[in-house]
Every structure is written in structure tokens, then in C-alpha cells.
Amino acid sequence: MNNFRMWAYSMIAIGGINWDYQRRNPHVVAHSLLIIVPGLLLLAMTYLPAGVVLLRKKSVQGAWLVVGVAALIYAFTNK
């Protein structure tokens, strides 16, 4: 579960950094929350027994990989 927690922390941190660097842009809250919320959801799943069971499935791991990579790409490419 530590790998998932680190992945979640990185999404939350990058979302916060995105928020700080783009604070003058309109809709910065919505843009940053698109990165932060998946990180918070993943972090919560690592602490819930049902979430841990789900995160052990390869299909769920693959889905989180796609969500995480998409969120990080969005963080670096949105204006």
C-alpha cells in the first residue's frame, strides 16, 4: 500500500503546486481539484479495508495508473 500512498501524495502535492503557480488564472480551483481529488480518493482507499482489497486487483491498479498519469499530464499541460 505504500506505493499507492506515495502515488496519492504526489498527485496531491502536484495539484497544490499547480494551484499556487496558476493562482492568477481563472478557474484555477477547478483545474487543481481535478488533480487533487483523485489523489485524496486513492489515499483514502489505502486506509479503508475494502479499498485495500480493491487495490490488490490488477484491473484496479491499471485503472489507477491511467487516472494518475492522466492527472499528472493534465497538471503539466493545463494553462
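Residues numbered from 1 in each chain as written. Predicted model: local features only at pLDDT ≥ 70, side-chain atom pairs only at ≥ 80, totals over all residues. Heavy atoms only, no water.

*Asks:* I'd love a proper account of the packing of aromatic side chains, names of residues and values included.
*Replies:* For the coordinates displayed, the defined rule picks out 0 aromatic pairs. Across the ring face of tyrosine 47, the terminal group of arginine 5 is positioned such that the distance to the ring centre comes to 4.0 Å. (Phe/Tyr/Trp six-rings, centres within 6.5 Å; stacked < 30°, edge-to-face > 60°. Lys NZ or Arg CZ within 6 Å of the ring centre and 35° of its normal.)

*Asks:* How would you explain helix H4 (residues 58-77) if you had to name every residue and give the values?
*Replies:* Along its 20 residues, H4 runs 28 Å from first to last C-alpha, staying within 8% of the 28 Å computed at 1.5 Å per residue. Contacts from the buried residues of H4 go to helix H1 (2-21), helix H2 (28-47) and helix H3 (49-55). (Helix = DSSP H or I, 4+ residues; strand = E, 2+ residues; numbered from the N terminus. Expected span 1.5 Å × (residues − 1). Contact = heavy atoms within 4.5 Å.)

*Asks:* Break down the packing of H2 against H4 for me, with residues and values.
*Replies:* Put simply, H2 and H4 touch, their axes get as near as 9 Å, and they point 150° apart. Judged by the inter-axis angle, H2 sits roughly antiparallel to H4. For H2 against H4, the interelement crossing comes out left-handed. Residue-level contacts link His31, Leu34, Ile35, Pro38, Leu41, Leu42 and Met45 of H2 to Trp64, Val67, Ala71, Tyr74 and Ala75 of H4. Taken together, the residues that form the contact of H2 with H4 break down as 11 nonpolar, 1 polar and no charged. (Axes fitted to C-alpha atoms, helices over the stretch in contact; angles between N-to-C directions. Parallel < 35°, antiparallel > 145°, perpendicular 65-115°, else oblique. Left-handed = near helix turned anticlockwise from the far one by under 90°. Nonpolar A, V, L, I, M, F, W, Y, C, P; charged D, E, K, R; others polar.)

*Asks:* Give me the lowdown on the nonpolar core, citing residues and values where you can.
*Replies:* Counting residues in hydrophobic clusters, the biggest one holds 13 residues, and the most contacted among them are Met11, Leu42, Leu55 and Trp64. Contributing elements (two or more residues each) for this core: H1, H2 and H4. Counting residues per element, this core draws most heavily on H4, which supplies 5 residues. Apart from the residues within four sequence positions on either side, leucine 55 is in contact with Met1, Phe4, Leu42, Met45, Thr46, Val60, Gln61 and Trp64. (Core = buried A, V, L, I, M, F, W, Y, C linked by side-chain atoms within 4.5 Å. Buried < 20%, exposed > 50% of the residue type's maximum accessible area, 1.4 Å probe, protein only.)

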